[in-house]
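Summary of structural features
Read off the chains here:
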Amino acid sequence: MPSQSVRSRIVGTGAYAPERVVTNFDLAKLVDTSDEWITERTGIKERRFVADGQAASDLAYEASTRALDAAKLKPADLDMIIVGTISSDMRLPACAAFLQQKLGAGPIPSFDLGAACAGFVYSLSVADQFMRTGAMKAVLVVGTEVLSRITNFTDRNTCVLFGDGAGAVVLQRAEEGEAGVLSTSLHTDSSLATSLMVPAGGSLEPLTHESLNTQRDKIYMNGQDIFKVAVRNLTSASRFAISAAGLETTGIQWVVPHQANLRIIAQVSQRLTIPMERFIINIERYGNTSSASIPMALDEGVRDGRIKPGDTVLMCALGAGVSWASALIRM
Ligand code: UT7
């Protein structure tokens, strides 16, 4: 989806990670694992977990106020809120409704978008379409997750991977100049739909004592299936977004990938022939925060000065569905 004349532009970023740090050593007290295995196989050293009573919309609120401050905008200036999440405060209503309430925004359209780890890039693309039609002038796009509440802490295959956090961006219309969302690319292939899932708690398998006892209300993943498809599809979607914008990989200053596994990122780097030094990586401190990982890493790169105005930034993410997406942005 290459952009037409009126683009949307990121005018503010924000992120928030809850205070509680959980190290690999902490998890080695719960399951048969080690700091060495987790570090070597994933790149993760620690992650953050929420406090009791802290929900996805609380993390989203912190990230969003920071993004709005950076954009020098107020909640009342927003035309729409889109929240990518798979760990909303409640099954009903949407996390975006709670976020709207906490921000004190007006009665603007506010909804969640369920594309798992690709949720932020999907949301960004949807927001961009609304901006290009002229329907919206300012949109808040958020990725927020409290994965610690849907993690099975008896399953070493998954419990060492996930963390909690939120990231947000504010988009405004860029009437002139070069900056903005240059292209996005969205995909879903359901052939591996059951390789990454939370089986119980939905309409197919409502919660029962049995499903709670067997933790079927928590994340299940066939890691190897997802790993292979992640490397392949993140590479192809990235190439698609780059060529749709009429660019080459040499024109990309920074890649902000979904932070699921450092080995996946390294293989994508190799296939795209973009060196790892040009990837913004913080997986060692936050683990896999699903839809929050890209806006958190983007905010880090912007705030520490690595990502500068005018830089071209590639984002790519893949998760349950499997759904994957990429976006090319000029800051
Ligand atoms: O964000 C959504 C998308 N998600 C992803 O992209 C994740 C993709 N998958 C992965 O990142 C990797 O597959 C994992 C990190 C999940 C697993 O790494 P792996 O190198 O694929 O390990 P594996 O599943 O092939 O397991 C290798 C061995 C097994 O033992 P045996 O059967 O060889 O004896 C596992 O039981 O490692 C064992 N193992 C562990 N050992 C210590 C699995 N988890 C652990 C653990 N600690 N935490």
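Looking now at the site of the ligand. The environment of the ligand is made up of 24 residues, and the closest members are Thr33, Arg41, Gln224, Asn261 and Asn288. Interatomic distance of 3.4 Å between a side-chain N/O atom of Trp37 and a nitrogen atom of the ligand. A distance of 2.7 Å separates an oxygen atom of the ligand from a polar atom in the side chain of Asn261. Here the ligand loses 74% of its free accessible area of 940 Å² to cover by the protein chains. Looking at the shell around the ligand, the elements that each hand over two or more residues are helix 2 (35–42), helix 6 (156–159), helix 8 (223–244), helix 9 (262–272) and strand 12 (312–319). Classifying every residue of the shell around the ligand gives eleven nonpolar, nine polar and four charged.

This paragraph deals with the domain arrangement of the chain. Partitioning the chain into structural domains gives domain 1 (7–178) and domain 2 (181–290 + 299–330). For domain 1 versus domain 2, the distance between C-alpha centres works out to 14 Å. Contacts between domain 1 and domain 2 engage 46 residues on the former and 40 residues on the latter. With both sides pooled, the region where domain 1 packs onto domain 2 buries about 3,600 Å², and carbon together with sulfur makes up 59% of that total.

This paragraph deals with the sheet that holds strand 6 (residues 138–146). Taking strand neighbours across the sheet as the criterion, the five strands line up as 1-7-6-4-5 in an open arrangement whose pairing is mixed. The open sheet has two edge strands, strand 1 (7–16) and strand 5 (110–113), and neither has a second partner. Ignoring which end each strand starts from, the neighbouring axes of this sheet average 20° apart. For strand 1 and strand 7 (residues 164–174), the ladder comprises nine bridges, and the chain directions are antiparallel. When the sheet's bridge partners are listed, Ala15 is paired in strand 7 with Gly167.

Most of the time, phi is negative for any residue but glycine, and the peptide bond is trans. Put simply, Leu92 and Pro93 share a cis peptide bond, and its omega is -5°. One can find Pro93 in the loop between strand 4 (80–84) and helix 4 (95–103). Here the bond from Gly321 into Val322 is cis, since omega is -15°, no more than 30 degrees from zero. One can find Val322 in the loop between strand 12 and strand 13 (323–330). Positive phi, normally seen in glycine, also occurs at Lys72, with a value near 55°. Summarising the element assignment, Lys72 is placed in the loop between helix 3 (56–71) and strand 4. A positive phi angle, close to 50°, is found at Ala116, a residue other than glycine. Its location among the elements puts Ala116 in the loop between strand 5 and helix 5 (119–133).

This brings us to the side chain of Thr184. Positionally, Thr184 belongs in strand 8 (residues 180–188). In this structure Thr184 comes out as buried when scored by relative accessible area, which is 0%. At 2.9 Å, the side chain of Thr184 forms a polar contact with the side chain of Ser125.

The element strand 7 is extensively covered by neighbouring structure, given that nine of its eleven residues are classed as buried. The pairing of strand 6 with strand 7 spans nine bridges and is antiparallel. By the bridge assignment, Val146 is partnered in strand 7 with Asp164.

Cut-off values and rules
Residues numbered from 1 in each chain as written. Predicted model: local features only at pLDDT ≥ 70, side-chain atom pairs only at ≥ 80, totals over all residues. Heavy atoms only, no water. Near = heavy atom within 4 Å. Polar contact = N/O pair within 3.5 Å; in protein donor to acceptor, adjacent residues only side chain to side chain. Areas by Shrake-Rupley, 256 points an atom, 1.4 Å probe, with all protein chains shown as cover. Helix = DSSP H or I, 4+ residues; strand = E, 2+ residues; numbered from the N terminus. Nonpolar A, V, L, I, M, F, W, Y, C, P; charged D, E, K, R; others polar. Domains from an automatic or database assignment. Contact = heavy atoms within 4.5 Å. Buried area = accessible area lost by both parts, 1.4 Å probe. Pairing = 2+ DSSP bridges. Axes fitted to C-alpha atoms, helices over the stretch in contact; angles between N-to-C directions. Buried < 20%, exposed > 50% of the residue type's maximum accessible area, 1.4 Å probe, protein only.

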